[in-house]
Structure formats: C-alpha cells, structure tokens
Amino acid sequence: MKMKKIKYIIFTLLTAFILSSCNNEIDAVENLNNPDRNQVLANGSDLLGIVRGGYVTWWQANNRDLVPPLAVAADHATCSWGNWGMRALSNEPRNPIQNSSSWSDLSVLEQPWAGNYSSISSSNDVLGAIEDGIKWIDGDEDLTPVIEGAAYLLRGLSYGYLGLLFEKGFIVNVGDDLTQTFPFVGYKDLINQAVDDLDRTIAVASDNEITIPNTVINGVDLNSEQLIKLCNSFKARFIVQGARNLDETNTIDWNEIKSFAQNGITEDFGPLGDDGISWWSNIDVLMESPNGFGAFGARLDMRVINKVDPDQPVFFPAGSGSTLENPEISTNDNRFGEGKDFEYRPDILFRSERGRFHFSHYIHTRFMNDDNFSDGNDSKQIKSFMLEDNRLLLAEAKARLNELDNVSGAAYDLNQGSRVNRGNLSPLLGTESKDEILEAIFYERYIELFNTGVGSGFFDRRRTNQLQIGTFRHFPVPSTELEVLEEQLYTLGGVDADPSGTEPHYNLGSENARTDETNIPTFN
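Residues numbered from 1 in each chain as written. Predicted model: local features only at pLDDT ≥ 70, side-chain atom pairs only at ≥ 80, totals over all residues. Heavy atoms only, no water.

1. Brief notes about the overall build of the protein
Counting secondary structure elements, the protein contains 19 helices and twelve strands. Scaling as 2.2 N^0.38, a compact globule of 524 residues should have a C-alpha radius of gyration of about 24 Å, and the protein matches this with 23 Å. Structurally, the protein occupies a C-alpha span of about 75 × 50 × 45 Å along its principal axes. Looking at the protein as a whole, 60% of its 524 residues are labelled buried. (Helix = DSSP H or I, 4+ residues; strand = E, 2+ residues; numbered from the N terminus. Rg over C-alpha atoms; globule rule 2.2 N^0.38 Å. Buried < 20%, exposed > 50% of the residue type's maximum accessible area, 1.4 Å probe, protein only.)

This is the structure:
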C-alpha cells in the first residue's frame, strides 16, 4: 500500500529530537515560571501535565460532537436537525458521507482523527522522556510509574477509538521519525495496538501501587486495581464493538471476552463534567435537556420503540401528514412513562419536509428523573462506560459460547442487572435459547445504555448486520488529511454507490429523502 508522510499538525511540538536533548536532572531546571519545551520534558512533574492535556483532547475527540451523528446513523436516536451531520447521515435512503473540504460538517471526521492522534503524540512524548531517564520524584517517592501507566492508558484509548471509528489509520511509536512515511493499517491493527497498550498499562499497574490522580480524568482517581479493571473492560469493548459485521462478531474469541468482562469494572466509569468547559458531551442533544435542544431534542428511534412494543411500526410512516394509529406504547418496562427514562410527547417538533421518517413520540428524559444521570453539561458523572455495559458484554460472551451452563449464566447476569432492577421486567428462566438471550441483551443495550458510551448503538447495529443499507460501516480518512498526504480522495456509504458501507468510492451524489412507503429501508 502506498505510504505518505503523516500530517504534521496532528502532532504536538514535543518531538523525538527534543526528547533526546533533555537534561535528566530535574533540579537543574531554571526559570520554572516560563519553561521552554526542553525544560518541560526535563521536569518529571510536568510530564503529568502533558498527559492531562492529552486526556482532555482524547475526551473532546471521541465523547463530544460524535455522539449525535453516530446515534442517528444507527437508528438508535432520530433527529431532522442538520447539526453535526445528523440530517446528512440519517437520510432515508442513506447517502454517502460528504468527505470533501466543502462539507460544513467535516469536523465529524476531523475531530476524532486529529484529536486521537494528538493524544497519541502526547503519550509518545511522555513515554519517550521516561525512556530517556526522566523521572517524577516527589520527596522520596518515585511517581514515574503513575505517568507511565497514564500515558499507556491514553495511547490505548486513542488507538481503540481510531479502530472503532475509521476504516484505517497509522500506528506511530515512541521515537519514530515524524518526517518519515507511515503506512496505512486497517482497523483491526489499530484495535490490536490498543489492546497491546492496555496490556502495558495493566503491567505497570500490576508491578506498582499507583494512583492516577483525579486531575487527569476529571474527578476520577484510578488506583492500580481500578486501572486494571478499566483496561479489561475497554479491551472487551474495543474487540467486540470493533467487529464490522456478524461474521467478524462470530469469530471473536468469546472465552477471552468473558475473561475480560469478569475482570472488568465494578462501578460506572466516566469523568465528572465541568459545566461545559472541557469535560462535556453533546448527549444533551439526544434528550430533553435545558442545556441542549430542550423539547426539540432528538427522539428515541422507532426501531427501538418497536422492540419495546412490537405493535408499533419499525418506521414512522413517511407519507405527507402521516401519523401513528396508536402513538402511545404499551409496555411493562418501568423505564417508560411520565417521570421515567423515556417520556411520551404528543407533539413532534421536527420539520416535516425533511422527512417524516425522522418522527417519534418518545424522548429521553432520564437526566430530569435520575439524579445520578448527567446531561453532559453539568458537574455530574458523564457515564461513558457503565457497569451495566460490562455486565451485558459478559452475558453476551456466555450466550455466544452457547453452552448450557453459559447460557443459563447469561440469563442470571441479565436478571441481576437493569432488565429486572430498573425495567421491572420478568426475570429470565435460564432455559431460553441462545437467540432469545441475545435478543434480551440487545434490548438492554439499546434501552439502558442510551446516551452513555459514544457510538454504542451504532457499533452494536454494525456488528449484527442491522445498519440500514448504504450506511457507512466506518469513517473514511478525512479529505483534508488525504489532500495533505497526496492520497486519492474517497468516501463510504450510499445506497447506490456503496450498499455495504465498506467499499471506497468518490461518488458524493445524494438521494432525495423518502416521502412514502414504497421504498422501506432494509438492513445489511
């Protein structure tokens, strides 16, 4: 495959050349009120500041503006507004991603690409400094392993999200010459790199009693035990949700996933919000929140509502002036109803001319009714990896192993979680089939995990062949990056140009929005 130089702006100014010229004597640093780059890299305590900045960049790259477009492209949420590419990426029939410098929402691609690589660069700078002998000494205590563990975790998370989101990317290691050419590697290689880095984090945490302070990931202290659990859960997430189709899902080593999840998180993970300064998320767009679009916010898609009440249609009728015969659902799920996670709204405030297929009567209101749930723009914990998510990954691993004790164990796990405790649904008996267990698992993933892990619904639909025909299965490399690299421009998706969402092309032609029921979407 053709190799080109990686775009220079995605890297920080802390290059390998600077690392090699650092002074290893911390006490020799002068002018601490205005240190230059060499002095920062020679001061062990300041390395933590570099890692801290890298985490802010990582968070903003993956957990902010990406939330709305991935949710609507998955038919997890639905919305007619054009912000963050929501209208363009949820049109029925599906259109190609407008991967050109003229697309007003190109930041949907650029933000996670540039942000993750910037965070990787910060990690490499810090790890390179440590390799050169820089240490963080506080009194008589060597805290260098704290920085090392934090840097490997940051790099692993960044490569992991690149692998979840993009068709391909680069792998850049400590000490690489940034003027050299870098080959593109596929998403599987990016995810493998992420798992390797998370394993390196586990090794550091296993060999040292460390605590990453809560100034790194806002409000979250991570001691060695918690760090190991978090890495195991993220390994499970990246491997499982990185699958691009059902065939890849079926070839996953589910015994390995079972082990990761069994040794994963034991409480919800996510940073504390800082009231919209650095640590915030656009989940408020997908709910009725005063910090977002309010009553104009995105709704729960009809495809999910149909799972809650099978008497509801899978798609809202697209004809002019169409309505639902029985707009209020009938369900025993305690998360639906006034004062619950999802409330009925008789009025639909979307613009009809943009496609009535966007319509839905149910909106997410958990933020208003659950004191422990953030809307992404307050000071509460933004739940980016819920304990329930890990429980459902464990249950899925057991179900897919399809052995009697594992299937009954999956039913037990489901009964211990949100299905019964929050949904007040009937406990499973343990005699259900593998497919029945999986149906219950994905029901919980779509309902309970709504507005938590970024892209969760999209990744789940992708790996089970449940995206609409023509939906991109991953992002192309952003056009602005390709232009700098002098690579051929391409895009993905579109019912005509790329039904599978995996074949690169450069046909940006769009289809008019669906206006009737003669072309109901199918799934790939």
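2. Quick look at the pattern of salt bridges
In the structure shown here, the tally under the stated rule is 31 salt bridges. Residues Arg 514 and Glu 517 are paired through a salt bridge, measuring 3.5 Å at the closest nitrogen-oxygen approach. For Arg 514, a relative accessible area of 5% corresponds to the buried category. Judged by relative accessible area, Glu 517 falls into the partly exposed class, the value being 40%. Put simply, Asp 333, Arg 335, Asp 341, Arg 366, Asp 370, Arg 422, Glu 444 and Glu 448 are held in one network by salt bridges that share partners. (Salt bridge = Lys/Arg side-chain N within 4 Å of Asp/Glu carboxyl O.)

3. Let's talk about empty space enclosed by the protein
Tallied over the entire structure, the rule returns five cavities of 30 Å³ or more. If you add up the space inside the largest cavity, you get close to 120 Å³. Around the largest cavity, the lining comprises 15 residues; the ones closest to its centre are Ala 71, His 76, Asn 451, Gly 453 and Gly 455. Elements represented by at least two residues in the lining of the largest cavity include exactly helix H4 (67-73) and helix H18 (456-463). Residue classes in the lining of the largest cavity are distributed as eight nonpolar, seven polar and no charged. (1 Å grid on protein atoms, 1.4 Å probe; cavity = no way out; pocket = protein on both sides within 12 Å on 5 of 7 lines; lining within 4 Å. Points joined across faces, edges and corners; volume = space filled by probe spheres on them. Nonpolar A, V, L, I, M, F, W, Y, C, P; charged D, E, K, R; others polar.)

4. A short note on the layout of surface pockets
Approximately 320 Å³ is the volume attributed to the largest pocket. Around the largest pocket sit 16 residues that line it, and Lys 307, Glu 439, Phe 442, Thr 464 and Gln 466 are the ones nearest its centre. Of all the elements in the fold, those that place two or more residues in the lining of the largest pocket are helix H10 (246-250), helix H12 (302-308) and helix H17 (434-447). Here the lining of the largest pocket takes six residues from H17, the largest share from any one element. Grouping the constituent residues of the lining of the largest pocket by class yields five nonpolar, four polar and seven charged.

5. Observations regarding the packing of H17 against H18
To describe two helices that pack against each other, one gives the angle between their axes and the distance between the axes. It is the contact of H17 with H18, at a shortest axis distance of 9 Å, that shows an interaxial angle of 150°. Accordingly, the angle class assigned to the pair H17 and H18 is roughly antiparallel. Once H17 is placed against H18, the crossing between them reads as left-handed. The residues of H18 that touch H17, namely those facing Phe 442, Arg 445 and Tyr 446, are Ser 456, Gly 457, Asp 460, Arg 461 and Arg 463. Its residues assigned to classes, the contact of H17 with H18 comprises two nonpolar, two polar and four charged. (Axes fitted to C-alpha atoms, helices over the stretch in contact; angles between N-to-C directions. Parallel < 35°, antiparallel > 145°, perpendicular 65-115°, else oblique. Left-handed = near helix turned anticlockwise from the far one by under 90°. Contact = heavy atoms within 4.5 Å.)

6. As for the pairing of strand S9 (residues 220-223)
Side chains of S9 alternate between two faces, with Val 220 and Leu 222 buried and Asp 221 and Asn 223 left unburied. Note that strand S8 (residues 211-217) and S9 share three bridges and pair antiparallel. Across the sheet, residue Ile 217 finds its bridge partner in S9, namely Val 220. Where S8 folds back on S9, the antiparallel hairpin that results is connected by two residues, among which Gly 219 adopts a positive phi of roughly 80°. (Pairing = 2+ DSSP bridges.)

7. Considering the nonpolar core
Among the nonpolar cores identified, the biggest contains 125 residues, and Tyr 55 and Phe 475 are the most heavily contacted of them. At 13 residues, the largest contribution of residues to this core is made by helix H7 (residues 144-165). The next biggest cluster of nonpolar side chains, apart from the first, holds 14 residues, and it includes Ala 399, Ala 410, Leu 438 and Ile 441. (Core = buried A, V, L, I, M, F, W, Y, C linked by side-chain atoms within 4.5 Å.)

8. Side note on helix H6 (residues 107-131)
Helix length check: H6, at 25 residues, gives a terminal C-alpha distance of 35 Å against a target of 36 Å (1.5 Å per residue), a fit within 8%. Phi for Gly 133, located one or two positions after H6, is positive at around 105°. (Expected span 1.5 Å × (residues − 1).)

9. Side note on helix H3 (residues 44-62)
Spanning 19 residues, H3 covers 28 Å between terminal C-alpha atoms, matching the ideal 27 Å at 1.5 Å per step. Among the residues making up H3, those that are buried are Gly 44, Leu 47, Leu 48, Ile 50, Val 51, Gly 54, Tyr 55, Trp 58, Trp 59, Ala 61 and Asn 62.

10. Some words on unusual backbone geometry
A cis amide bond links Glu 92 to the next residue, Pro 93, at an omega of 0°. By secondary structure assignment, the location of Pro 93 is in the loop between helix H5 (86-90) and H6. Although it is not a glycine, Trp 84 adopts a positive phi angle of roughly 55°. By the secondary structure assignment, Trp 84 is in the loop between strand S2 (77-78) and H5.

11. Brief notes about the environment of Ser 289
Mapped onto the elements, Ser 289 comes out in the loop between helix H11 (254-262) and strand S10 (299-300). Look at Ser 289 and you get buried, because its relative accessible area is 1%. Those residues in contact with Ser 289 that lie beyond four places of it in its chain are Asp 284, Gly 294, Phe 367 and Asp 375. In terms of polar contacts, Ser 289 uses its side chain to reach the backbone amide nitrogen of Asn 291, at 3.1 Å. (Polar contact = N/O pair within 3.5 Å; in protein donor to acceptor, adjacent residues only side chain to side chain.)

12. Describing the packing of aromatic side chains
Given two aromatic rings, their pairing is described by the distance between the two centres and the angle made by the two planes. A complete count under the given rule lists 28 aromatic pairs for this structure. Relative to Phe 523, the ring of Phe 315 lies with its centre 6.2 Å away and its plane at 15°, an arrangement referred to as stacked. Taken together, the residues Phe 315 in the loop between H12 and strand S11 (342-344) and Phe 523 in the segment after helix H19 (479-485) connect sequence positions 208 residues apart. By relative accessible area, which is 11% here, Phe 315 ends up buried. For Phe 523, a relative accessible area of 31% puts it in the partly exposed group. Among the aromatic residues, those joined into a ring-pair cluster are Trp 113, Tyr 117, Phe 166, Phe 170, Phe 182, Phe 184, Phe 458, Phe 459, Phe 472 and Phe 475. Lying across the ring of Phe 184, Lys 168 places its NZ or CZ 4.5 Å from the centre. One cation-aromatic arrangement involves Arg 237 over Phe 385; the distance from NZ or CZ to the ring centre is 3.8 Å. (Phe/Tyr/Trp six-rings, centres within 6.5 Å; stacked < 30°, edge-to-face > 60°. Lys NZ or Arg CZ within 6 Å of the ring centre and 35° of its normal.)

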